[in-house]
Amino acid sequence: MADAGERGVTRFLGYGRQSIEQEDIDAVVAALKGDFLTQGPLVPALEKALAEACGAKYAVAVSSATAGLHIACLAVGMKSGDVGVTQPITFIASANCFAYCGAEIELADVDPDTMMMAPAALSEALKRRPEINVVVPVSFGGLSSDGAKLRAVAGPDRVIIEDASHSFGASEASGVRVGGGSWADMTVFSFHPVKPVTTGEGGAVLTNDKALYEKLLLLRSHGIERDADKLTVGEVDDPWWYEQQSLGFNYRLTDIQAALGVSQVGRIDQFMARRRAVAAQYDAAFASLNHIRLVQSDPAQRARSGHHLYILRIDFKALGTTRREVMARLKERQIGTQVHYIPVYKQPYHRPRFPDGEARFPVSEAFYDEALTIPCFPSMTDAEVAYVAETIKSVLKG
């Protein structure tokens, strides 16, 4: 087949890539020329844009989604002796947020079609560990979790923190935007460069609960309170006075990052439309191929997903090859791929808690053996998408 240059592909195509336009650059330059590089007006502007985009009452911008997960757990009082549950197929931060609070970690296997926490698996985990008090389902790949079913299983008294790091701009089955709080107590987004919108690094926690919102604000910035109405020791007349009322962290986002975020959020519909078009082109290219299955390819799922990731499930053994060989051959042809994710129970830090993880979580294990994430991002051209699809088919045939 023709190589990348012959097909007009002139750059390396990683699995994800930021989309930066002149208006983003202008916004950041304006912030750099302004009076505040941090703790200025642009972070509140970003929070307002995020809340409005998702239909939530409150948004708290933070330095990363990991920071957001951490303070979300702290905001509901998670501590030593508590137990939280997430899924094996996720980035490790979804589990680590429990450990940061001194709590124990439990896992619930994923649904074989969506790769998100299966309600039946959550039910089994709760029977096994009824003391579980925080549930962190992951809206994987850009598709929202089956929130209504998860809430029904978890019940009204357990806290649900949706890890929607992949899913800003996506919609729930009901049609509302992810993050609106229809079933989760809090929703956490990531704004890493490969995510639907970016602030360079960064994240946010959205909620409709004012008490949680105020706790999140404290925890984001050292636990410090400056609001005169909330001070406790009577020094309200001293303009310099502040109080550390809890043990918080420096998880603030800068105004430079927020400027980029505000610009990006304004184009979320444009980004989503292009990602869906890329996914549709791939779906047509890979339809009905032997030993290849598509992930989250149901038309209703495609219509509401944010398509952060496009993942193939490949039976490498049946094709007489290995994932390592396929990835190497694609890299030679300017195509970057990745695996999302190595299951949490395989990580050396978590392994002692789940020594039988491969047997306990068979759906996650089977998915991990076959998963391959291929390039999907808004600035991909139709020619680049076609090149990726044709090259993958050629490599697998070879």
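Every value quoted in this text rests on a predicted model; they were computed, and no experiment measured them.

Scoring rules and cut-offs
Residues numbered from 1 in each chain as written. Predicted model: local features only at pLDDT ≥ 70, side-chain atom pairs only at ≥ 80, totals over all residues. Heavy atoms only, no water. Buried < 20%, exposed > 50% of the residue type's maximum accessible area, 1.4 Å probe, protein only. Helix = DSSP H or I, 4+ residues; strand = E, 2+ residues; numbered from the N terminus. Contact = heavy atoms within 4.5 Å. Core = buried A, V, L, I, M, F, W, Y, C linked by side-chain atoms within 4.5 Å. Pairing = 2+ DSSP bridges. Axes fitted to C-alpha atoms, helices over the stretch in contact; angles between N-to-C directions. Phe/Tyr/Trp six-rings, centres within 6.5 Å; stacked < 30°, edge-to-face > 60°. Lys NZ or Arg CZ within 6 Å of the ring centre and 35° of its normal.

1. Details of helix H13 (residues 362-370)
- Those residues of H13 not exposed but buried are Ser364, Glu365, Phe367, Tyr368 and Glu370.
- Looking at the packing, one finds that the buried side of H13 touches strand S10 (292-294), strand S11 (310-314), helix H11 (323-332), helix H12 (357-360) and strand S12 (371-374).

2. Here's the deal with the nonpolar core
- In this structure, Phe98 and Ile161 are the most contacted members of the largest nonpolar core, which totals 33 residues.
- Of all elements in the fold, only strand S1 (58-62), helix H3 (65-75), helix H4 (93-100), strand S3 (104-107), strand S5 (159-163), strand S6 (186-190) and helix H7 (210-220) reach the threshold of two or more residues within this core.
- When residues in this core are grouped by element, the largest group, seven residues, is from H3.
- Sequence-distant contacts of Phe98, that is, excluding residues within four places in its chain, are made with Cys73, Met78, Gly84, Val85, Thr86, Ala103, Glu104, Ile105, Val134 and Val136.

3. Describing the sheet that holds S10
- The strand order across the open sheet formed by three strands is S10-S11-S12, and the pairing between neighbours is antiparallel. Each edge of the open sheet is held by one strand with a lone partner, namely S10 and S12. In this sheet, adjacent strand axes meet at a mean angle of 35° when their direction is disregarded.
- Taken together, the four bridges between S11 and S12 define a ladder with antiparallel strand orientation. By the bridge assignment, Arg313 is partnered in S12 with Ala371.
- Where helix H9 (residues 268-286) meets the sheet, it contacts S10, S11 and S12, and its direction lies at approximately 20° from that of S11.

4. Here's the deal with the packing of aromatic side chains
- Inspection of every chain in the model, using the stated rule, returns 11 aromatic pairs.
- Plain terms: the ring middles of Phe140 and Tyr341 are 6.3 Å apart, the flat faces sit at 65° to each other, and that makes the pair edge-to-face. Of this pair, Phe140 sits in the loop between strand S4 (132-135) and helix H6 (147-154) while Tyr341 sits in the loop between H11 and H12, placing them 201 residues apart in sequence. In terms of burial, Phe140 and Tyr341 fall into one category: buried.
- Between Phe249 and Tyr251, the ring centres sit 5.1 Å apart and the planes meet at 10°, which makes this aromatic pair stacked.
- Judged by its relative accessible area of 18%, Tyr251 falls in the buried class.
- An aromatic cluster of three or more residues is present, and its members are Phe91, Phe140, Tyr341 and Phe367.
- One residue, Arg323, lies across the ring of Tyr368, its end atom 4.9 Å from the ring centre.

Note that all results are geometric; they support no functional claim without further evidence.
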